[in-house]
Amino acid sequence: QEKKIFMVQGPYPIIRHLLRARGWVERKLPSMGRQLEQHHPLHYAWPPAEEEEEKEEEQCDEDPSGIHDLMSYLVRDRLPNFIWTNFLEATDHELLQQDHVVNHYARVDAFTTKEGLCLSLQNLPWIEQADPNTFFPRCYRLGTTDEQEAFIEDFRLTAARSLLKLALEEAGDRPVRTKQVPNSAKRAGWHRSHVSHPKRSAAPAGSPLYPELVEEALEVCKQHLGVLRHQDIDRGTPSPCRTCINWDRFLQEYYRVAHEGAGLVLTRQQRKQCQNLLRRLAEQLPQLGMEGKLNVWILKPGAESQGRGIVCTTRLEEVLQLARGFTAPSVQVGRWVVQKYVERLLTIFGTKFDIRQWFVVTDWKPLTVWFYRDCYLRFCSWPFSLCHLERARHLCNVSVQKWYKMSPDQDPRVPPDKIWSDKQFQEYLAQLGQADAWHQVLVPGMKAAILNALRSAQDQVGFRKGSFELYGADFLVGEDCQPWLLEINSCPTMRPSSAVTRRLCANVQRDTLRLVLDRKNNPTCSIGAFELIYKE
């Protein structure tokens, strides 16, 4: 009569304990929980990966008196009023009764998959006055011809900008040339008249690359700047990547400079041009500061999680091979996304980290979002380096890093369990002289990114009253402390991997139940660390 029958599916012993403490009775699944449930019209599907977690949960769930098992038996034919599950098929939502409370919405893949988030945020400027390039590293779906072509153009333009940065960096280490290029270089094919000749061969290995390469990069970037400044006026402006430059040759020479140690020579005039052009480009490109100079991109299967299948690369041909299905047969051809890697990121003790930030949506009409004030950091096992692209250095997922031992080169101050609380991070920022960065830059930036992502996908989500969902957003932090949204996860893990996550995961589950259950009967009750950040 009080509608206090619940069902928990998956590794959530804390949810079960907290509901029992409130006087709720559990309706348990049969022992063969992965089969079609005979006593209920809903089919609750368990992901195979959770099998070991189910065993672990059973070991943690103690009922010495047997009273909970007895009560569960008595309600075995009753429909649950509250369902907390790690997976609920979209079709099941149509079978739920109106008064069911469920911890999932349908069709959230519009922002909880890499492919879905990429597409939704591309549409954000049509929905909100917001630019996704200010908080989401640019991203392309390689299975779409138009987006693959847009990526190729972006890769080339980024290489040209990166070459200008490398030229300035090298010019800062030694005097720049003020005289003309030597005749020997002209004979080698590096005279200005040969800049656009498609048959010009690359410079011999180990030789310096003379000013014509920088001149090409300058010309491409000038054209791109013109397009950026007049893109709303002159749609007919030709793309700088469709000029007469031989891009295959240019990229090979750029690779030699960026990754093989070849030298650059530029004139004093070119140095000034590089500085002025990069400054003007920075006014038009919000991501110029974070993109670095090595043109690193990260490839991700569009619908996978926990770091599966993710690789970093600096070569255009490698990206396109994956997109055409030449490798990684486990990933459906065309389901890859490629995203610009944040090269200029903040590290802690020379190590890459990211932030796992929780939030809850309790309604989509009107959109109602609650932000959790506590979060945690996840460290990599090996020191950060853009010259080495191993997963142990670049993927912060706990599910990835648990397979790696700490590198002997790792700073001993990196925590052995590779986890920090946000409080520890705030103390570290204070030591850097950035005590205000957390509350003035990072937290507002994360809130804005989350809200923009939700608004961009709002019309695609399967709305249902009585549902709610807890999400985990992952952020990188740039050198300037700006947060960059990487992805949003449905069913964020609640399995503790450290003392910090054991405390925080327990707290967020407790506070979520306060928010979605207790607050219905008592609007003034404590909701812990949750704060309402948006209600439409």
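Above this text you will find the structure in question.
Everything numeric in this text was worked out from a predicted model, so none of it was measured. (Residues numbered from 1 in each chain as written. Predicted model: local features only at pLDDT ≥ 70, side-chain atom pairs only at ≥ 80, totals over all residues. Heavy atoms only, no water.)

1. Some thoughts on the overall build of the protein
We apply this condition: Note on conventions: DSSP H or I runs of at least 4 residues are helices, E runs of at least 2 residues are strands, and numbering of each starts at the N terminus. Three exposure classes are used, based on accessible area relative to the maximum for each residue type with a 1.4 Å probe and protein chains only: buried under 20%, partly exposed in between, and exposed over 50%. Shrake-Rupley sampling with a 1.4 Å probe provides the accessible areas, and residues are treated as covered by the protein chains on show and by no other component.
The helix and strand inventory of the protein stands at 17 helices and 14 strands. Classification of the 536 residues of the protein by burial places 54% in the buried group. Summing over all exposed atoms, the protein offers an accessible surface of approximately 24,900 Å²; the carbon and sulfur share of this is 50%.

2. Here's the deal with the pairing of strand E3 (residues 82-85)
Spelled out, the test is: In short, DSSP must find at least two bridges between two strands for them to pair.
Here E3 shows a buried face lined by Phe-82 and Trp-84 and a second buried face lined by Ile-83 and Thr-85. Inspection of the sheet shows strand E1 (residues 5-9) paired to E3 by 4 bridges, in the parallel sense. What sits directly across from Gln-9, in E3, is Thr-85. Of the pairings in the sheet, the one linking E3 to strand E4 (residues 101-102) comprises 2 bridges and is parallel in character. Considered in E4, the bridge of Phe-82 is made with Val-101.

3. Notes on the packing of helix H9 (residues 211-229) against helix H10 (residues 247-259)
Selection criterion: Comment: axis = line fitted to C-alpha atoms, over the contacting stretch for helices; angle = value between 0 and 180 degrees taken between N-to-C directions. Left-handed is the label given to a crossing in which the near helix is rotated counterclockwise from the far helix by less than a right angle, and right-handed is the label when the rotation is clockwise. By definition in these notes, contact holds between two residues if any of their heavy atoms fall within 4.5 Å. Any residue that is not Ala, Val, Leu, Ile, Met, Phe, Trp, Tyr, Cys, Pro, Asp, Glu, Lys or Arg is counted as polar, Gly included; the first ten are nonpolar and the last four charged.
It is at 11 Å that the axes of H9 and H10 come closest, and there the two elements cross at 115°. When you trace H9 past H10, the crossing you get is left-handed. When H9 is examined against H10, the residues Leu-213, Glu-216, Ala-217 and Val-220 are found in contact with a partner set consisting of Trp-247, Arg-249, Phe-250, Glu-253 and Val-257. Partitioned by chemical class, the residues of the contact of H9 with H10 number 6 nonpolar, no polar and 3 charged.

4. A few points about a nonpolar patch on the surface
Rules: Each patch is assembled from residues with relative accessible area greater than 30% and no salt bridge, linking like charges that lie within 9 Å and nonpolar side chains (Val, Leu, Ile, Met, Phe, Trp, Tyr) that lie within 5 Å. Salt bridges are defined by distance alone: a side-chain nitrogen of Lys or Arg within 4 Å of a carboxyl oxygen of Asp or Glu.
Residues Ile-67, Leu-70, Met-71, Tyr-73 and Leu-74 make up a contiguous nonpolar surface patch of about 480 Å² in total accessible area. Looking at the secondary structure, you find Met-71 in helix H3 (residues 67-74). Met-71 gets classed as partly exposed once you look at its relative accessible area, which sits at 32%.

5. Quick look at the packing of aromatic side chains
Counted only if it meets this: Pairing of aromatic rings covers Phe, Tyr and Trp, the last counted by its six-membered ring, and requires centre-to-centre distances within 6.5 Å; plane angles under 30 degrees mean stacked, over 60 mean edge-to-face, and any other angle means tilted. Charge over a ring is defined by NZ of Lys or CZ of Arg lying within 6 Å of the ring centre and within 35 degrees of the ring normal.
Using the criterion set out here, one finds 26 aromatic pairs in the structure. Their ring planes at 80° and their centres at 5.5 Å tell us that Phe-349 and Tyr-428 sit as a pair that is edge-to-face. Highlighted residues: Phe-349 in the loop between strand E8 (336-340) and strand E9 (353-364) and Tyr-428 in helix H15 (residues 422-431), separated in sequence by 79 residues. Overall, the relative accessible area of 11% leaves Tyr-428 in the buried class. By way of ring pairs, the aromatic residues Phe-349, Phe-353, Phe-379, Trp-420, Phe-425, Tyr-428 and Trp-438 are connected into one cluster. The ring centre of Tyr-255 lies 4.3 Å from the NZ or CZ of Arg-315, which sits over that ring. Between Lys-447 and the ring centre of Phe-371, over which it is positioned, the NZ or CZ distance is 5.3 Å.

6. Looking at the sheet that holds strand E7 (residues 311-313)
Taking strand neighbours across the sheet as the criterion, the 4 strands line up as E5-E8-E6-E7 in an open arrangement whose pairing is antiparallel. The strands lining the two open edges of the sheet, one partner per strand, are strand E5 (139-141) and E7. Direction aside, the axes of adjacent strands within the sheet are offset by 25° on average. Note that E5 and E8 share 3 bridges and pair antiparallel.

7. Here's the deal with the nonpolar core
Burial of nonpolar side chains together is a common tendency in soluble globular proteins. Selection rule: To qualify as a nonpolar core, a set must consist of buried Ala, Val, Leu, Ile, Met, Phe, Trp, Tyr and Cys residues joined through side-chain atoms within 4.5 Å.
Counting 82 residues, the largest nonpolar core has Phe-82, Phe-111, Ile-355, Phe-425 and Leu-485 as its most contacted members. Considering each element in turn, this core owes the most residues, 11 residues, to helix H16 (residues 437-457). The residues contacting Phe-82, other than those within four sequence positions of it, are Ile-5, Phe-6, Met-7, Leu-19, Trp-24, Val-101, Phe-468, Leu-513, Val-516 and Leu-517. Core analysis: the second largest hydrophobic core is formed by 63 residues, Ala-159, Leu-209, Leu-281 and Leu-386 among them.

8. Focus on the side chain of Asp-374
What counts is decided by this rule: Polar contact is defined as a pair of N or O atoms within 3.5 Å, subject to the rule that within protein one atom must be able to donate a hydrogen and the other to accept it, and that residues adjacent in sequence are counted only when both atoms are side-chain atoms.
Tracing the backbone shows Asp-374 in strand E10 (residues 367-379). Separated by 3.1 Å, the side chains of Asp-374 and Lys-423 make a polar contact. Excluding residues that lie within four positions of it along the chain, Asp-374 makes contacts with Gln-357, Trp-358, Asp-422, Lys-423, Leu-504 and Ala-529.

9. Some details on the sheet that holds E4
If you trace the 4 strands from one edge of the open sheet to the other, you get E2-E1-E3-E4, paired in parallel fashion. Only two strands of the sheet have a single partner each, and these edge strands are strand E2 (25-26) and E4. Together, E3 and E4 form the strand contacts of helix H17 (residues 499-521), whose direction differs from that of E3 by roughly 170°.

10. As for the environment of Leu-346
Tracing the sequence through the fold places Leu-346 in the loop between E8 and E9. It is 5.1 Å that separates the C-alpha atoms of Leu-346 and Gly-478, two residues lying 132 residues apart in sequence. Excluding residues that lie within four positions of it along the chain, Leu-346 makes contacts with Phe-353, Phe-425, Leu-429, Leu-432, Val-477, Gly-478 and Glu-479.

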